[in-house]
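# Residue-level structural notes
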Amino acid sequence: MLLKTFGPPHAWRAWAFERFNYKLQQIKTNSRFGELELTFMNDACRAANLTPLMFHSEASQSVKKLWLSYQKTFHSDIRGTRLNDILSSGPQSRMSIDVASKTVTGSQALVNQRVLPLVMQFVKTSNKNDITFCIRMRKEGMAFSTVARSPKDANVIVKDAEDIFPAHILSMFMYSHEQPRSQLYAVIERHIALNDIHKESDPYAPFGFTVAGSLFYNDFHPMEIVNASRLVTLFAKTVLPWDRIACDVVHVLPLFKTPDIETSDTDGVGCPEYEGEKS
């Protein structure tokens, strides 16, 4: 039941507990042993009582207007909680895009400059001002970013018409003359799949990509552009030395359950040109 409800354990087994520990650490205490528990309880009760008081029938409208500021200050970071999982499947799961409020600088600016010719060719424009680069996309409780800004949030599973594959995000952009205006694209580099000989030695393949992940070469295909709606989830990337070949490989392990990458228990799909070993 747990696997069917929440997905593979590696996606959720410790995050909620770590988040609860973090929230406890944010409560101000006097560090006196024997009194910490009471302080935690009083703080939790005050927070629980404040919300209904703000919406009490006798509360003034000026107090009720503080609700959004209160939420932003005390409840904006809900990662690793059940509330985050609930909102991920509701109206809040819709895509939101963060556009840089000022000119992008540093390593991301260099990446954007490198991908700009490909982007302009993709949207068929000669005016670079038609391109708006973005810094983050949020969808279904997940935050996607670029390698230069947040490497772990740039490791994504991408889905196309025939298969799913791992990649990393170099840049994200919108085209100003396109309708709808919020159409977002990602410049990615997909990981190179193992060749037929090395695939046979992948120890994770028999268990299925969603549950155990798969091995890929620690190298990439040339840049390509995909619609951001094809980014279905993040993955954990672990670089592994492999004595069977002279180069490193990476273990790709999806982190979130999503219908777009659900597979049977033994099919080992999840990398281009690979049908895993059948039981």
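Refer to the structure presented above.
Each value, and the rule that gives it
Residues numbered from 1 in each chain as written. Predicted model: local features only at pLDDT ≥ 70, side-chain atom pairs only at ≥ 80, totals over all residues. Heavy atoms only, no water. Helix = DSSP H or I, 4+ residues; strand = E, 2+ residues; numbered from the N terminus. Buried < 20%, exposed > 50% of the residue type's maximum accessible area, 1.4 Å probe, protein only. Areas by Shrake-Rupley, 256 points an atom, 1.4 Å probe, with all protein chains shown as cover. Pairing = 2+ DSSP bridges. Expected span 1.5 Å × (residues − 1). Bend = angle between axes of the 7 residues up to and from the residue. Contact = heavy atoms within 4.5 Å. Phe/Tyr/Trp six-rings, centres within 6.5 Å; stacked < 30°, edge-to-face > 60°. Salt bridge = Lys/Arg side-chain N within 4 Å of Asp/Glu carboxyl O.

Secondary structure assignment for the protein yields 9 helices and 10 strands. The proportion of buried residues among the 279 residues of the protein is 37%. For the protein, the computed accessible surface area is about 17200 Å², with 55% contributed by carbon and sulfur atoms.

Further remarks concern the pairing of strand β10 (residues 249-254). Taken across its 6 residues, β10 has 6 buried, putting it largely inside the fold. Both faces of β10 are covered, namely the face carrying Val249, His251 and Leu253 and the face carrying Val250, Val252 and Pro254. Bridge analysis of strand β7 (residues 214-220) against β10 gives 4 bridges, and the strand direction is antiparallel. Across the sheet, Phe216 pairs through a bridge with Val250, a residue of β10. Of the pairings in the sheet, the one linking strand β9 (residues 231-240) to β10 comprises 6 bridges and is antiparallel in character. Pairing of Val239 across the sheet is with Val250, part of β10.

In this model helix α7 (residues 106-123) runs 25 Å from its N-terminal to its C-terminal C-alpha over 18 residues, within 8% of the 26 Å that 1.5 Å per residue would give. The largest bend along α7 reaches roughly 45 degrees and is located at Leu116, with the proline Pro117 sitting one to four residues downstream. The complete set of buried residues in α7 reads Gln108, Val111, Asn112, Val115, Leu116, Val119, Met120 and Val123. Where α7 is buried, its residues touch β2 (131-139), β5 (164-175), β6 (184-193) and β8 (224-227). At the exit of α7 stands Lys124, carrying a positive phi of roughly 60 degrees.

Here we come to the packing of aromatic side chains. Scanning all chains against the criterion turns up 2 aromatic pairs. Ring geometry for Phe122 against Tyr185: centres 5.3 Å apart, planes inclined by 70 degrees, an arrangement best described as edge-to-face. Here the residue Phe122 occupies a position in helix α7, and Tyr185 occupies one in strand β6, the gap between them amounting to 63 residues. Since its relative accessible area comes to 8%, Tyr185 is described here as buried. When the ring of Phe173 is compared with that of Tyr185, the centres are 5.5 Å apart and the planes differ by 25 degrees; the resulting orientation is stacked. Here Tyr185 lies in strand β6 and Phe173 lies in strand β5, a separation of 12 residues in the sequence. Each member of the pair, Phe173 together with Tyr185, is buried.

What follows deals with the pattern of salt bridges. Summed over all chains, the structure comprises 3 salt bridges. Arg190 is the partner of Glu224 in a salt bridge, and the nearest nitrogen-oxygen pair spans 2.9 Å. Of the two residues, Glu224 is situated in strand β8 and Arg190 in strand β6; the sequence distance between them amounts to 34 residues.

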